[in-house]
Amino acid sequence: MRKFPLFLIIATLLLAVTGVSCLDSNDGNDTWEEYADWRNANDGWLEEMRQLTDVDGNSYYRTVRGPWDHNSFVLMHYFNDTTLTRGNLSPHFNSYVDVIYRVTLYDGTPIDSSYLQTSPADSVYRTSPQNVITGWVIALTDMHVGDSCEVIVPYSVGYGANGSGDILPYSHLVYSMKLVGVPFYETKP
């Protein structure tokens, strides 16, 4: 007999929690509607970049997918000859990296830059791929020390529907970045 009232209490709590979570999901719908024009402009631009070709008709950007999720991707265009850096260190998910970067919104609006950094070195930002957005993880683990590239990070692997600071929800980001080093990298003798 005592189990029945306890069951009712648990069921009522579950319904209350479900109801609250459904209310919270309406906020996402409001964001979806509120930023519809911005999201559509970003998505149209991303599709243009995916179709962009160089003078020889080759794709300007290479689609690089996250090995853990083949739906996650970034678009990358290397400015250097990657055959010359292929033997250099490449970071792992738990490595530290030294990167020089500049980031803009799809329309060229500047957002952030490492050029004001003075530590650990002039213009260098030190972080670990495990501490940054998923788009950076995909890009950094594809790069080798000395590589310089432009990376387009779709909002799904960036700041998503929430945005962050000056980054509006559903913003695709454009990074110009150079992998300067992989400090503390240990190799077996």
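**Q** Quick question: what am I supposed to make of the pattern of salt bridges here?
**A** Where charged atoms from two side chains of opposite charge come close, those side chains can pair. Tallying each qualifying case throughout the model produces 2 salt bridges. Residue arginine 62 is joined to aspartate 142 by a salt bridge in which the shortest nitrogen-to-oxygen separation is 2.5 Å. With arginine 62 in strand 1 (residues 62–66) and aspartate 142 in the loop between helix 3 (134–140) and strand 6 (148–153), this pair connects stretches of sequence that are 80 residues apart. The partly exposed category is assigned to aspartate 142, whose relative accessible area is 23%. Salt-bridge contacts for arginine 126 lead to aspartate 98; the nearest nitrogen and oxygen are separated by 2.7 Å. Remark: aspartate 98 occurs in strand 3 (residues 97–105) and arginine 126 occurs in strand 5 (residues 125–127); sequence separation between them is 28 residues. For aspartate 98, a relative accessible area of 10% puts it in the buried group.

**Q** How should the nonpolar core be read in this particular structure?
**A** Proteins that are soluble and globular tend to have nonpolar side chains buried together. Ranked by size, the top nonpolar core spans 27 residues in total, and within it Met76, Val151, Tyr175 and Met177 carry the most contacts. Put simply, the parts of the chain that give this core at least two residues each are strand 2 (69–78), strand 3, helix 3, strand 6 and strand 7 (173–181). In terms of residue count, the dominant contributor to this core is strand 3 (5 residues). Those residues within four positions of valine 151 in sequence are excluded, and the remaining contacts are Val74, Leu75, Met76, Ala139, Leu173, Val174, Tyr175 and Met177. In this structure, Trp45, Leu46, Leu75 and Val174 belong to the second largest nonpolar core, which totals 8 residues.

**Q** Would you mind going over helix 2 (residues 36–51) with me for this structure?
**A** Since the α-helix advances by 3.6 residues per turn, residues separated by three or four positions end up pointing in the same direction. Between the first and last C-alpha of helix 2 there are 23 Å, a value that for 16 residues agrees with the 22 Å anticipated at 1.5 Å per step. Along helix 2, the residues classified as buried are Ala36, Trp38, Arg39, Asn42, Trp45, Leu46 and Met49.

Thresholds, definitions, all that
Residues numbered from 1 in each chain as written. Predicted model: local features only at pLDDT ≥ 70, side-chain atom pairs only at ≥ 80, totals over all residues. Heavy atoms only, no water. Salt bridge = Lys/Arg side-chain N within 4 Å of Asp/Glu carboxyl O. Helix = DSSP H or I, 4+ residues; strand = E, 2+ residues; numbered from the N terminus. Buried < 20%, exposed > 50% of the residue type's maximum accessible area, 1.4 Å probe, protein only. Core = buried A, V, L, I, M, F, W, Y, C linked by side-chain atoms within 4.5 Å. Contact = heavy atoms within 4.5 Å. Expected span 1.5 Å × (residues − 1).

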